[in-house]
Amino acid sequence: MAKRPLSSTATSTAPSKRIKMNTTLPWGDNLAAHKTGTAIDQEAERIDRQKAAFGHDTIARLKDLNVLIVGVGGVGVETAKNLILSNVGGVMLWDGRVCMEKDRGSNFYVTREHVGKVSLAQASLTELRSLNPFCRVDVLDCDKVEGEVLKDDVLGSGKPFSAVVVTMMLPKKELFQLNETARKNGIAFIMAVTNGVTSSIFSDFGPHHEITDATGEPTQTLAVSNLEVLDEKPKLLDVAGVKEGEKVVIVTVAQTEHGLEDGDVVVLEDMRGDMEGLNGKSVTVKRVALASPTEAKVDTRGVAFKTALQLPTESVIKNFERQYEFYKTAFDENAENANKKFPVRTITIFNRLALVLDDDNGKDLLSGSSIDAFRQYQSGGLLNQVRPPIVKSYSSLEETLVGTAVPQMLRGDDWEAGKGVEVHLSIAAVLDFHEKHGDWPKLHDKNDATKLVEYAKTISESRKSIDRACWSQSINYGFPSGEERDLDEKRIERYARLFTTELTGFCAFLGGAAAQEVIKKSGKFTPIEQWVHHDEEVLVADECSSNVGPLFGSRYDNQIAIMGKDFQARAANQRVFLVGCGALGCEYLKGLALMGVGTGKDGKIWVTDMDRIEVSNLSRQFLFRQNDVGHPKSVRGAMVVNKWNSQINIEALEKKVGTDSEDYFNDSFWESLNICWNALDNVQARQYTDARCLFYSKPLLESGTLGTKCNHEVILPFRTSSYNDGKESDDNEAQIAMCTLRSFPYLPNHCIEFAKQAYFADYFEFGPEVYESFRKDPMSFFEQLDTMEPAEQSRSLRMIKAFIDLQNDSSGEIDFKGCVRIAFQRMMKDFRTSILDLCHSADEMEKSSGTPFWTGTKRRPRAIDWNEQIPLLMEYLYSTSNLYAMVWMVDVVRDLNEFQAIVDEMKLEQPVWEPSGEKVDLSEGDNEDSAGGGSEDDEKLKGELYKIDATKLRPAQPQEFEKDDDLNYHIDFLTTATNLRAWNYDIKASPRHTVKVTAGRIIPALATTTAMVCGLVDIEYCKLILGLESQGSDKFLNSNINLAAGSGNFTTFNPDPPVPITTGLEAPHPESFTSWDKMEISAVRNEMSVEQLVQYIEKSFGVTVDRVFLHGDTSDTAIFNSLDKKKLEWDISFDDEGKVSVSDGVFTQWPQVRMAVQMLGRLPPTSGQRAIFKSQVEKVKVSLDQTKESFLARFTGNVSSAYREVYRPSDEGEQQYYFDAVFKGRDYVTLGVDCHTDTKDDITLPCVKYIFTHN
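Under an unreviewed UniProt entry, the name given to the protein chain is Ubiquitin-activating enzyme E1 C-terminal domain-containing protein, and the organism recorded is Cyclotella atomus. The protein chain has a UniProt comment under Sequence similarities (unreviewed entry) that states "Belongs to the ubiquitin-activating E1 family." The UniProt entry for the protein chain carries this comment under Pathway (unreviewed entry): "Protein modification; protein ubiquitination."

Printed below as a string of structure tokens:
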């Protein structure tokens, strides 16, 4: 990479032989397909998705973390599970409490055999160990943990504890001492406890904690397209801290938006020529803005503005100055503006930055140089954003328990209202309670509750005079007023009465959040500040003593004590459809099993997922183990939770939920459900299930994760907006111009995308597919070819020709050596010949124009040379040869030494390069057609292919891209192709995992985030079982949380109301509706004709119907179209003299008949040509009559018959069979209606559910 690119004329063109490499094989580091058995890094495969979220360095640091978990109830086992899945070094469990039956409602690893016999820690150990063989897990056997925290060799790791997580309330003295010990010894201290319907998390990273990456968001890499020195800053140019007339260095970047703020720091890289000495140096940047008259109303998002910004900075400024003077002159000439200030707006120029050269970074940058160095810029250069470390200090548990005036609540409104005060005082009071009584408040004990209230009052009173203390003062919008208010005694009493209980939802929420806090010990992400409480008092809906007690030792005692026996009865008979059994689905199955959902006579859970378990799933889909790999997710997930709770009635399915499975997931199925629960990872599937819930009026629980980010949504029939009311798409990635990918890459990502979109797709996906299409049925292929766009036609023809040429070159027989030869040819073409052609064409352009070509982001590439011992050459050859072997169904060669021997034996020779004379596309526009051939070339190719005897062609096997199977060579190929292209253009090489994540569109996934959001959704589900939707949507919460960015990014809010859709009608007709609404038209006894249906709608709403069609269908197909009705008025007739009369509308449908009519009007009756034109008109008349007849039959026929006629697939087979099955299974069809008023205003009506009886 240190070598400069060679010019085309300087590159050797003589044929050469590959120098045989050493037997030690100095290549293969980028490969994985050759590894088998113990050579496979199972640990790396497991943590693949979290590596995408954390990065390599953090993953490595996590292995140094040893964590002590104090308390292995619900929160403790959840925290341990998440840390073990996150692949920390070791987890030690401490909890001597003997298992009780009620523990089975929150600790999923406690069995009936454990109850009354073993401790919670011992009961959980075996299953926790099985989660991850690469994480050490054991039980700490001692009476008190304080003395054990300072061990310097935990679990034989040679390392001490890095963090301690307290998940059970400890006596005050012991708790405070443990916290102080941790603080003094650099051990992170986390406390996460849940009591009844209240949960709290506290985080303390001690007096000195360094955060190396505050958010985990990717840093910017910006490509320099120009560097300019302005000797005097113009008046209109605005750069913070730079005065008018001072020198300023302006950087223009290739990206349209740099995304940086004033004061951000970047490191210079890839600076070239005289500026090479600046590489590796840091510089502070500031935003650049220009003053513009307000009256000018510059559209900064418009094409004209963005195009203007491609000019040099001085030209851009001059354009602004001319504009400024024009409007300023007009302003000054207007007498009404006397003594008024000229209105100006500031426009930030987002593709430019100013370098700060007068701070420490700037002085270091210019040491031994001057600002004039920037005048030497020609091309290249990157700005890599860096985030300086942040050092923070945290207060102790004892200090913050007193000195947190406004404790944070998860619900923002509660936080602003100061409701966290009661929770904070309750914790302080319960510690005092234990200190005085040696025990904790007992379940449902009124006396203990009264005492706790008194302790809370005393504590509050004692803190009034303490600055910034937590006491019962009024808090408005998050600010303490200093005015005393009454304590909410009911909430504190409830805290005491339910202190000994826990709900699985709160446990999962805290377990995810606490585990993520521990991971922050690595320096990655920002810890919370320092408390977050969550209180769900609405769950205590009925405190009738006979409903919440007495308790008889059930596993559901905690739930019953909080929400009642009627809640438990309703939970048992819930009918739940869980869609997806990945990470989210596993967590939801766990929650359902622990809550006892579907255990009643009428209760049931359906879980469906088409996927099979993969190794990479094991780091977050905690129901699965290594021996589950390859098995169906839904089946194995159901098996696990059925073992936990044998009473649960669960059915595992492997069916896709969509428009092609409505014969199985039919009306009876959907109508029997209480709720649909999404655990999906794509927008399209979510939109479908949401649409089903809208139609059947079912609640939907929706959630999603992306690394440390997560959100959930409660969707309630007729009360909240739906998922489809929002606008979301899977296609949210910024597109890279094809010309950049093809000829002028300058970032590693460009090389990855080109390797995936061009090399892999052409050679192994698209190429074999179109070749097979041609081989199997040439005539059908040519028919299909005519429907393609020109660029795709050209691409298809060239791919087929290439595949045929490969066989011709090898006389129809392709063995592995043939595959090596093909791969070698590809390598020479893509990484040598095309590069030399490009450089030659650019040199010729430079000679003719006299203008340098390789400027800005355009890098002059260098060609590979088979003489150079670059490991990438053999790695590319290995992966590509084997991929071609899979395409041609030839035995692969996995062993590297065997492959090396084959290559040595073949004595491959590099071809001589000569200018080809072919046109090389040097354009900078994004014209994909320019990459294809001309129409003449395509026609020539078609002619050649017509002559091919396809029956003699060898079959090929297209490769469907699969990122998670290292044995298929896909990622091996992409990695080597990416990095060879990067070598061509002197771009930084990409690690294999980066290629896999980018090309595979891998979504970062973490067990911590998944557990936390699923816990919150479990809580919302409890509210649904309680029937709280009847009390309003404000009882429910949606969330949008980022676990990486501190507690300020813990956001919850009430669901939005349904989005109103305006009809366009006026009262008394409905003026609006929501997506939940549908209009039912019943024709059970006497089915309507299409005509009657149209008349009914027109009469009911005072509209004119334009179309009636399948609801949701976006095609032009319809069971009624007013344009077809108008054809009834059209006529074609001949009078006695042979004159033809044609309605004007006929010409719109059959324009070819116009000339025939005109000729009949001109030709004399005796003309022999009249018969020809008359015949043409008569044929159109027959077509018109048939159209009228067909329309009338449908228009006067039954709606259901018309629907079946129009929408039933014409070809016999599976589609027709499926349509019939769905149609016969329903007594309705759903219709959409397009209509308008007399004034031609469009009217919007809801979905029409037309109900009928099958004959």
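Draft legend 1. The arrangement of helix H6 (residues 172-184) in detail. For H6, spanning 13 residues, the distance from its first C-alpha to its last is 18 Å, which sits close to the expected 18 Å at 1.5 Å a residue. The set of residues buried in H6 consists of Glu174, Leu175, Phe176, Leu178, Asn179, Thr181, Ala182 and Arg183. Residues of H6 that are buried sit in contact with strand S5 (163-166), strand S6 (188-195), strand S7 (198-204), helix H10 (397-402) and helix H12 (420-437). Immediately beyond the C-terminal end of H6, within one or two residues, lies Gly186, with a positive phi of roughly 65°.

Draft legend 2. Broad picture of the packing of helix H28 (residues 871-887) against helix H31 (residues 970-984). The interhelical angle for the contact between H28 and H31, taken along N-to-C directions, is 140°, at an axis separation of 9 Å. What the angle tells us is that H28 and H31 run oblique. Read as a crossing pair, H28 and H31 show a hand that is left-handed. Side by side, H28 and H31 meet where Leu872, Leu873, Glu875, Tyr876, Tyr878, Ser879, Thr880 and Leu883 of the first sit next to His970, Asp972, Phe973, Thr976, Ala977, Asn979 and Leu980 of the second. Of the residues that constitute the contact of H28 with H31, the class distribution is 8 nonpolar, 5 polar and 2 charged.

Draft legend 3. A look at helix H14 (residues 489-497). Where H14 is concerned, the buried positions are Arg491, Ile492, Arg494, Tyr495, Ala496 and Arg497. Tucked into the core, H14 has its buried residues touching S6, S7, H12, helix H13 (446-462) and strand S19 (531-535).

Draft legend 4. Spotlight on the nonpolar core. Of all hydrophobic cores here, the largest spans 113 residues; its most connected members are Leu93 and Tyr1021. Element by element, the count of residues in this core is highest for helix H33 (residues 1007-1026), at 12 residues. Every residue in contact with Leu93, bar those within four places of it in the chain, is listed here: Ile69, Val72, Ala80, Ala121, Leu125, Leu128, Val137, Asp138, Val139 and Leu140.

Draft legend 5. Representation of the confidence of the model for the protein chain within the structure. Of the residues in the protein chain, 95% reach a pLDDT of 70 or more, and the chain-wide mean stands at 90. Throughout residues 1-23 the model reports pLDDT below 50, and contacts reaching past four residues in sequence, or to other chains, amount to 64 contacts. Low pLDDT, under 50, characterises residues 926-932; the stretch is placed with 10 contacts to residues that sit more than four places away or in other chains.

Definitions and limits used
Residues numbered from 1 in each chain as written. Predicted model: local features only at pLDDT ≥ 70, side-chain atom pairs only at ≥ 80, totals over all residues. Heavy atoms only, no water. UniProt positions renumbered as here; feature names shortened; annotations may be inferred. Helix = DSSP H or I, 4+ residues; strand = E, 2+ residues; numbered from the N terminus. Expected span 1.5 Å × (residues − 1). Buried < 20%, exposed > 50% of the residue type's maximum accessible area, 1.4 Å probe, protein only. Contact = heavy atoms within 4.5 Å. Axes fitted to C-alpha atoms, helices over the stretch in contact; angles between N-to-C directions. Parallel < 35°, antiparallel > 145°, perpendicular 65-115°, else oblique. Left-handed = near helix turned anticlockwise from the far one by under 90°. Nonpolar A, V, L, I, M, F, W, Y, C, P; charged D, E, K, R; others polar. Core = buried A, V, L, I, M, F, W, Y, C linked by side-chain atoms within 4.5 Å. pLDDT = per-residue confidence, 0-100.

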